[in-house]
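What follows is the residue order along each chain.
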Amino acid sequence: MISPEKHQRMANAIRFLAMDAVEKANSGHPGMPMGCADVATVLFTRYLSFDPKNPLWPDRDRFVLSAGHGSMLIYSLLYLTGYEDMTIEDIKSFRQLGAKTAGHPEYGHASGIETTTGPLGQGIATAVGMALAEKKLADEFGSDLQNHYTYVLAGDGCLMEGISQEAITLAGHLKLNKLIVFWDDNGISIDGAISLADSTDQHARFRSAGWNTIAIDGHDPEAIAAAIETAKKSDKPTMIAAKTVIGFGAPNKAGTHKVHGSPLGADEIAATRKALGWNEEAFSIPADVLDAWRLAGLRSTKTRKDWEARLAGTDAEKRAEFNRRFAGELPGTLSGAVDAYKKKLAETKPTVATRKASEDALEVINGVVTETLGGSADLTGSNNTKTSQTKSITPTDFSGRYIHYGIREHGMAAAMNGIALHGGLIPYSGGFLIFSDYCRPSIRLAALMGIRVIHVLTHDSIGLGEDGPTHQPVEHMAALRAIPNLMMFRPADATETVECWQVALETKDRPSGIALTRQNLIPARTEYEERNLCAQGAYELISASDAKVSIFASGSEVEIAMKAQQQLEAKGISARVVSVPCFELFFEQDADYQEAIIGDAPVKIAVEAGIRQGWDAIIGSTGTFIGMKSFGASGPAKELYKHFGITADAVVAAAEAKLA
Ligand SMILES: Cc1ncc(C[n+]2csc(CCOP(=O)(O)OP(=O)(O)O)c2C)c(N)n1
């Protein structure tokens with residue numbers, strides 16, 4: 001039992017580390033860690049199940065600092081509880097180049113950081129995915145192996161961001177009762193009082209979404225503990241509104257926006273030391289306080305060992321499956337299944353929309369990859385993401401493998417990040433490519449974190465037709481290709497579709513987007529080829545000796561490129577076709593490969609029903625681009641292609657004009 005005095009000193013250790021680190025860096029946010037130190041101390045010393053010596057133990061509780069600007073809170077906790085890769089030197093180099101202690105917590109920098117946060121609202125929405133994954137895996141493997149909580153610390157900013165509404169309503173609907181969110185109810189943000197911009201009744205808001213809510217004094221350890229106890233018993237997710245004082249302890253600045261995001265200054269820090277009775281040098285923690293924190297870090301060792309014993313006692317097959325899934329390794333049967341399917345495609349040569357081809361590929365994949373967790377943002381029938389293996393998950397039955405995310409693209413993309421980060425599952429979900437704009441911040445974070453989430457993005461161009469320009473992506477491929485570390489695929493037929501899926505699944509450390517058509521496409525690949533040609537990002541589909549024209553295309557425009565090639569050959573003009581399913585992968589190939597694929601034909605033409613941006617890297621600034629320069633229009637797809645001049649005839653005419 002920690003005495004009130006000891007609690008106070010332990011919480012003050014967080015406060016001073018935060019203050020001192022921000023002061024030394026001359027940048028950062030001391031107010032939030034100072035205000036939330038009591039909540040964090042109670043959580044980490046009494047409730048959170050975690051083991052600094054085994055940070056990745058699969059059944060640990062997850063802690064998400066959604067208010068990522070308060071990064072010094074988590075860095076302090078990791079140091080104090082004894083994570084070996086968070087030393088006092090790391091704390092001293094807060095916000096310096098190359099330090100683990102980046103401005104905002106970054107996944108992968110140090111163990112114990114469960115997700116990257118900073119863009120407000122992402123943390124709480126990601127945590128929904130973690131809680132969802134826990135419930136799904138508990139259903140699948142039993143509560144002996146999966147039975148943990150997901151805790152979130154969110155600020156006013158997180159709750160004001162729109163994404164939080166999607167996250168809250170999804171969690172409430174799915175009754176994610178092991179999700180416990182602390183709201184740092186300090187009434188302050190950057191501009192000043194929250195009342196300047198918001199007057200939401202957060203309790204009513206959460207309750208209406210199916211949550212349990214509790215209001216407490218966030219500086220009263222027993223009230224904090226009691227709230228957690230109550231939350232743990234709830235059959236709904238719980239929001240604990242912890243009334244706190246931002247910058248708690250700073251005599252002149254506490255409770256004001258002045259402590260939100262600036263160093264306190266030497267005078268105020270000195271005054272705070274006096275006010276809180278802290279006589280230590282900067283970065284120095286009294287031995288009794290550090291000992292108490294280190295003991296807290298050892299608290300869950302037994303829980304972890306008991307869990308390991310249960311895992312060891314589990315039936316060998318189930319244990320192997322559990323271990324494989326948490327190691328993120330695919331089943332060995334995947335490549336054989338894909339291969340057999342590719343052979344079948346070479347025989348049947350289906351003319352299909354790539355969204356349908358994706359469904360067929362998923363039917364094969366989901367049959368062998370038991371960890372895929374599908375879904376869609378209310379476009380299941382359009383995205384073709386549901387297969388025979390993926391029964392729907394409901395609030396009362398998590399035995400399925402499919403999430404109806406509702407019309408919540410942003411919440412879905414963040415939840416997918418949480419599912420991937422949690423481990424044991426590979427999330428894939430569907431939406432329209434155009435609405436990737438709605439999930440872009442979460443896709444960007446997935447790329448920054450380097451995690452395996454797969455976005456099925458259908459209706460990928462004017463080829464969707466009648467729904468018109470509001471639904472027709474134009475700049476989206478370029479915009480998504482601009483995100484570093486994201487593999488954006490645009491397959492041309494059924495064979496390329498399954499190849500892109502295979503690469504996406506086999507790449508553990510990157511997210512993918514797969515752009516797919518609504519309209520049918522004739523096969524580009526008609527011969528079986530064991531090698532995954534899409535894995536190199538671009539490859540020669542039709543070769544020609546002494547080619548005068550190279551035509552590059554992706555997705556549905558490969559068909560146009562092939563037609564144009566035939567027409568050019570008929571006119572005696574030697575032409576080759578290169579399919580470009582993934583820019584990111586192509587530009588990672590060695591220089592010789594890139595050079596060979598780009599080739600030295602005097603005329604280079606790219607065809608894609610999107611904007612030119614990005615293609616110059618392949619065709620050069622003097623190359624010809626046939627695509628979109630404006631928004632699309634409503635009408636039948638075939639007419640739109642003609643109207644916007646994206647046709648084989650246009651390619652031929654451009655080639656002839658260049659050669660003339
Ligand atoms: C999406 C997003 N918009 C803006 C910001 C910049 N920002 C960082 S903290 C903050 C204010 C947050 O207020 P609150 O959550 O109340 O935090 P507190 O002042 O209590 O520390 C803002 C606007 C951000 N990090 N993310």
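A quick note: this is a predicted structure, and the numbers were derived from the prediction, not measured. (Residues numbered from 1 in each chain as written. Predicted model: local features only at pLDDT ≥ 70, side-chain atom pairs only at ≥ 80, totals over all residues. Heavy atoms only, no water.)

### Observations concerning the overall build of the protein
Stage number 1. Helix and strand counts for the protein come out as 26 helices and 18 strands.
Stage number 2. Its C-alpha radius of gyration of 27 Å places the protein within 12% of the 26 Å reference for a compact globule of 660 residues.
Stage number 3. Summarising its shape, the C-alpha atoms of the protein cover approximately 90 × 55 × 45 Å along the three principal directions.
Stage number 4. Counting across all 660 residues of the protein, residues that qualify as buried make up 61%. (Helix = DSSP H or I, 4+ residues; strand = E, 2+ residues; numbered from the N terminus. Rg over C-alpha atoms; globule rule 2.2 N^0.38 Å. Buried < 20%, exposed > 50% of the residue type's maximum accessible area, 1.4 Å probe, protein only.)

### As for the site of the ligand
Stage number 1. Taken together, 16 residues lie near the ligand, and His69, Gly157, Asn186, Ile188 and His260 sit nearest.
Stage number 2. Gly118 places a main-chain nitrogen or oxygen 2.8 Å from a nitrogen atom of the ligand.
Stage number 3. In this structure, Leu120 approaches the ligand through a main-chain N or O atom, which is 3.0 Å from a nitrogen atom.
Stage number 4. When the ligand is considered free in solution it has 590 Å² of accessible area, and contact with the protein chains removes 75% of it.
Stage number 5. Across the shell around the ligand, the residue classes break down as 6 nonpolar, 7 polar and 3 charged. (Near = heavy atom within 4 Å. Polar contact = N/O pair within 3.5 Å; in protein donor to acceptor, adjacent residues only side chain to side chain. Areas by Shrake-Rupley, 256 points an atom, 1.4 Å probe, with all protein chains shown as cover. Nonpolar A, V, L, I, M, F, W, Y, C, P; charged D, E, K, R; others polar.)

### Some thoughts on unusual backbone geometry
Stage number 1. Its identity is not glycine, yet Lys349 carries a phi of approximately 40°, on the positive side.
Stage number 2. Among the secondary structure elements, Lys349 is positioned in the loop between α14 (334-348) and β6 (352-353).
Stage number 3. Even without being glycine, Asn384 reaches a positive phi, approximately 55°.
Stage number 4. Tracing the backbone through its elements, the reader meets Asn384 in the loop between α16 (380-383) and β8 (402-404).

### What to know about the packing of helix α5 (residues 122-141) against helix α13 (residues 316-327)
How two helices sit against one another is set out by the angle between their axes and by the gap between those axes.
Stage number 1. The interhelical angle for the contact between α5 and α13, taken along N-to-C directions, is 160°, at an axis separation of 12 Å. Considering their axes alone, α5 and α13 lie roughly antiparallel with respect to each other. Relative to α13, the crossing made by α5 is right-handed. Where α5 abuts α13, its residues Leu137, Glu140 and Phe141 lie against Lys318, Glu321, Phe322, Arg325 and Phe326. (Axes fitted to C-alpha atoms, helices over the stretch in contact; angles between N-to-C directions. Parallel < 35°, antiparallel > 145°, perpendicular 65-115°, else oblique. Left-handed = near helix turned anticlockwise from the far one by under 90°. Contact = heavy atoms within 4.5 Å.)

### What about the nonpolar core?
Stage number 1. In terms of nonpolar packing, the biggest core is built from 76 residues, with Phe489, Trp501, Val549, Ile605, Val607, Ile618 and Ile646 touching the most fellow members.
Stage number 2. With 7 residues, the top contributor of residues to this core is helix α20 (residues 494-506).
Stage number 3. Among all residues touching Phe489, those that are not within four sequence positions of it are Met477, Cys500, Val503, Ala504, Ser512, Gly513, Ile514, Ala515, Pro581, Cys582 and Leu585.
Stage number 4. Core analysis: the second largest hydrophobic core is formed by 72 residues, Ala21, Phe44, Ile88 and Ile285 among them. (Core = buried A, V, L, I, M, F, W, Y, C linked by side-chain atoms within 4.5 Å.)

### Some points on the UniProt feature "domain: Transketolase-like pyrimidine-binding" (unreviewed entry) in the protein
Stage number 1. Here, the residues flagged by UniProt with the feature "domain: Transketolase-like pyrimidine-binding" (unreviewed entry) are residues 352-524.
Stage number 2. Summarising residues 352-524: 38% helix, 18% strand, and an end-to-end C-alpha distance of 11 Å. (UniProt positions renumbered as here; feature names shortened; annotations may be inferred.)

### Describing the sheet that holds strand β1 (residues 62-65)
Stage number 1. What the 5 strands build is an open sheet, ordered β1-β2-β3-β5-β4; its pairing is parallel. Both outer strands of the open sheet, β1 and β4 (212-217), are each paired with one neighbouring strand and no more. Adjacent strand axes in the sheet meet at a mean angle of 20°, parallel and antiparallel pairs treated alike.
Stage number 2. Sheet topology places β1 next to strand β2 (residues 150-154); 4 bridges connect them, and they run parallel. Bridge pairing in β2 links Val64 to Val152. (Pairing = 2+ DSSP bridges.)

### Observations concerning the layout of surface pockets
Where empty space is left in the structure can be found by rolling a water-sized probe over the atoms.
Stage number 1. Of the voids in this model, the largest pocket is the one considered here, and its volume is about 710 Å³.
Stage number 2. Among the secondary structure elements, those contributing two or more residues to the lining of the largest pocket are β1, α3 (71-81), α13, α17 (409-422) and β9 (426-432).
Stage number 3. One number sums up the size of the second largest pocket: a volume of about 520 Å³.
Stage number 4. As for the second largest pocket, its lining consists of 17 residues, and the residues nearest its centre are Glu559, Ile560, Lys563, Lys638 and Tyr641.
Stage number 5. Where the lining of the second largest pocket is concerned, the elements lending two or more residues are β13 (520-521), α21 (557-570), α25 (637-643) and α26 (648-659).
Stage number 6. Sort the elements by how many residues they give to the lining of the second largest pocket and α21 lands first, with 5 residues.
Stage number 7. Here the residues of the lining of the second largest pocket sort into 6 nonpolar, 5 polar and 6 charged. (1 Å grid on protein atoms, 1.4 Å probe; cavity = no way out; pocket = protein on both sides within 12 Å on 5 of 7 lines; lining within 4 Å. Points joined across faces, edges and corners; volume = space filled by probe spheres on them.)

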